[in-house]
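# Survey of secondary and tertiary structure
The chain contents come next:
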Amino acid sequence: MPDGVFNIAKGRVVEFHNRVNNSDPTNAELLVLLLETSEADSVLEDHDTLSAILAGGNIEANFTGYVRKFLTDADITAPTTDDTNNWVQVDIPNITWSAAGGTIDETLAKVIICYDFDGNATGYDTTIVPMTHHDFTPTTNGIDLVLQIDTNGYFRAT
């Protein structure tokens, strides 16, 4: 489950996930990125765009082999509604950065999951909405880096 939800996405994470799952709009996607340094959660959660996060003293990863990961409707599943426990969960698949590091290594701090409505992989960070952040603190060393946020999903609305 999330370590935190950005204020701009509170009450909207399931909606954004569902929009990507339903291709509404057509190019909508989730963006997963890693930070090597991060502000305190209470400060981080105030940022309304990815560009604001990166301008706020948070540094995106740059280890050898690092790239932002983009997830489309083909990569994710619909939200899971649990009427017994009265919640809705959303999840993403495990993500792998192959041969992460080796030449340039770093210790990571956070995973950020964002909503990108136009799916522009070259990115307009000013229009990408941050949804959730999660502590993720491995050190790269040239082997595959696998991200699994939680076996129950990256967010649960209760």
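Residues numbered from 1 in each chain as written. Predicted model: local features only at pLDDT ≥ 70, side-chain atom pairs only at ≥ 80, totals over all residues. Heavy atoms only, no water.

## Overview of the overall build of the chain
The line we're drawing: Comment: elements are numbered from the N terminus, with helices defined as DSSP H or I runs of at least four residues and strands as E runs of at least two. The reference for a compact globule is 2.2 Å times residues^0.38; the radius of gyration itself is calculated from the C-alpha atoms. In this scheme, a residue with accessible area under 20% of its type's maximum is buried, one over 50% is exposed, and one in between is partly exposed, where area comes from a 1.4 Å probe on protein chains only. Throughout, a contact is declared for two residues whenever any of their heavy atoms are within 4.5 Å. For every accessible area listed, the method is Shrake-Rupley and the probe measures 1.4 Å; residues are considered covered only by the protein chains on display. Counted as positive: Lys and Arg. Counted as negative: Asp and Glu. His and the chain ends are not counted at all. In plain terms, the charge of a residue is placed at NZ if it is Lys, CZ if Arg, CG if Asp and CD if Glu.
The helix and strand tally for the chain stands at 3 helices and 11 strands. Of the regular secondary structure in the chain, the N- to C-terminal order runs β-α-β-α-α-β-β-β-β-β-β-β-β-β. In terms of overall dimensions, the chain is globule-like: its C-alpha atoms have a radius of gyration of 15 Å, near the 15 Å expected for 158 residues. Seen along its three principal axes, the alpha-carbon backbone of the chain occupies a region of about 45 × 30 × 30 Å. Each of the 158 residues in the chain was classed as buried or not, and the buried ones make up 41%. Expressed as a percentage of contacts within the chain between residues at least 6 apart in sequence, the contacts between residues at least 24 apart total 78%. Carbon and sulfur atoms form 48% of the exposed surface of the chain, whose accessible area is close to 7300 Å². Charge centroids of the chain, computed over 7 positive and 24 negative side chains, lie 4 Å from each other.

## Considerations on the nonpolar core
Definition in use: Within this scheme, the nonpolar core is defined by two criteria: the residues are buried Ala, Val, Leu, Ile, Met, Phe, Trp, Tyr or Cys, and they are joined through side-chain atoms within 4.5 Å.
Membership of the largest hydrophobic core comes to 40 residues, with the highest contact counts inside it found for Val 32, Leu 34, Phe 63, Ile 92, Trp 97, Met 131 and Tyr 154. For this core, the elements supplying multiple residues, two or more each, are helix H1 (13-21), strand S2 (29-37), helix H3 (50-55), strand S7 (95-97), strand S8 (110-116), strand S9 (129-135) and strand S10 (145-147). Of the residues forming this core, the biggest block, 6 residues, is contributed by S2.

## Let's talk about the pairing of S9
Using the following cut-off: Two strands make a pair as long as DSSP finds a minimum of two bridges between them.
Buried residues dominate S9, accounting for 6 of its 7 residues. Sheet analysis places strand S1 (residues 4-5) next to S9, joined by 2 bridges and oriented antiparallel. Looking at S9, one finds that Gly 4 is bridged to His 133.

## So, the pairing of strand S6 (residues 87-90)
Both strand S5 (residues 80-82) and S6 contribute to a ladder of 3 bridges, which runs antiparallel. When the bridges of S6 are listed, Asp 82 appears paired with Trp 87. The hairpin formed by S5 and S6 contains 4 residues between the paired strands, and Asn 86 there has a positive phi angle of roughly 60°. The pairing of S6 with strand S11 (residues 155-157) spans 3 bridges and is antiparallel. Within the sheet, the bridge partner assigned to Val 90 lies in S11 and is Phe 155.

## Here we look at the pattern of salt bridges
Note the cut-off: Each reported salt bridge corresponds to a side-chain nitrogen of Lys or Arg within 4 Å of a carboxyl oxygen of Asp or Glu.
Counted under the stated rule, the structure contains 6 salt bridges. Residues Arg 12 and Glu 15 are paired through a salt bridge, measuring 3.7 Å at the closest nitrogen-oxygen approach. Looking at Arg 12, the relative accessible area reads 33%, which means it is partly exposed. Its salt-bridge partner being Arg 68, residue Asp 125 comes within 2.8 Å of it at the nearest N-O pair. Here Asp 125 is found in the loop between S8 and S9, whereas its partner Arg 68 is found in the loop between strand S3 (59-60) and strand S4 (69-71), with 57 residues between them in sequence. Note on Asp 125: relative accessible area 19%, which makes it buried.

## Brief notes about the side chain of His 17
Our working rule: Two N or O atoms form a polar contact when they lie within 3.5 Å of each other; inside protein one atom must be a possible hydrogen donor and the other a possible acceptor, and for residues adjacent in sequence the pair counts only when both atoms belong to side chains.
As for its position among the elements, His 17 is in helix H1. Separated by 2.9 Å, the side chains of His 17 and Tyr 154 make a polar contact. Setting aside its immediate chain neighbours within four residues, His 17 contacts Leu 30, Ile 76, Thr 77, Pro 79, Val 90, Asp 91 and Tyr 154.

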